[in-house]
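Structure at a glance
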Amino acid sequence: LGARMAAGEVRPVLAQGEHFMQVFGHGVVAWMWLDMAHRATHGLMDGPEADTVFHTGCIEAARAFFATELPAVKPSFEALESGEDSAFRFRAEWF
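The notes below deal with the structure included here. (Residues numbered from 1 in each chain as written. Predicted model: local features only at pLDDT ≥ 70, side-chain atom pairs only at ≥ 80, totals over all residues. Heavy atoms only, no water.)

Overview of the packing of helix α3 (residues 17–46) against helix α4 (residues 52–69)
Two elements in contact, α3 and α4, have axes separated by 8 Å at closest approach and are oriented at 150°. When the axis of α3 is compared with that of α4, the two are roughly antiparallel. Like other packed secondary-structure pairs, α3 and α4 cross with a definite hand, here left-handed. In this structure, α3 contributes H26, V29, A30, W33, L34, M36, A37, A40, T41, G43 and L44 to the contact, and α4 contributes T52, H55, T56, C58, I59, A61, A62, F65, F66 and E69. Considered class by class, the residues forming the contact of α3 with α4 number 14 nonpolar, 6 polar and 1 charged. (Axes fitted to C-alpha atoms, helices over the stretch in contact; angles between N-to-C directions. Helix = DSSP H or I, 4+ residues; strand = E, 2+ residues; numbered from the N terminus. Parallel < 35°, antiparallel > 145°, perpendicular 65-115°, else oblique. Left-handed = near helix turned anticlockwise from the far one by under 90°. Contact = heavy atoms within 4.5 Å. Nonpolar A, V, L, I, M, F, W, Y, C, P; charged D, E, K, R; others polar.)

Considering α4
In this model α4 runs 25 Å from its N-terminal to its C-terminal C-alpha over 18 residues, within 8% of the 26 Å that 1.5 Å per residue would give. For α4, the set of buried residues is H55, C58, I59, A62 and F65. Along α4, the residues classed as buried sweep out an arc of 120° about the axis, all on the same side. Projecting away from the buried face of α4 at angles above 90 degrees are the exposed residues V53, R63, A67 and T68. (Expected span 1.5 Å × (residues − 1). Buried < 20%, exposed > 50% of the residue type's maximum accessible area, 1.4 Å probe, protein only. Arc of directions from axis to C-beta.)

Here's the deal with the packing of α3 against helix α5 (residues 74–82)
The interhelical angle for the contact between α3 and α5, taken along N-to-C directions, is 125°, at an axis separation of 9 Å. By the angle between their axes, α3 is oblique relative to α5. Judged by the twist between their axes, the crossing of α3 over α5 is left-handed. Counting all contacts with α3, which are made through H19, F20, Q22 and V23, the residues of α5 involved are S76, F77, A79 and L80. A class-by-class count of the residues in the contact of α3 with α5 yields 5 nonpolar, 3 polar and no charged.

Below, the structure written as structure tokens:
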């Protein structure tokens, strides 16, 4: 998607705005969970033992997101990759 947008195909990608926001939003949240899990892993190794439960919870929450939420956007990603352009065929007089 990024390559298509960089090549100037912004409108076709954004024509599927809902799908774009789903994929982009989940990507941002996934990146945040990855960062938290990374920091929690270091916290388990280097931090105080009192924080073990918290760090373990962060890691497990990240695993749950990657296992259950991230795969849910696959249909949206496929819709964006398809280049489906029906939004451009609509006419104002139809409404």
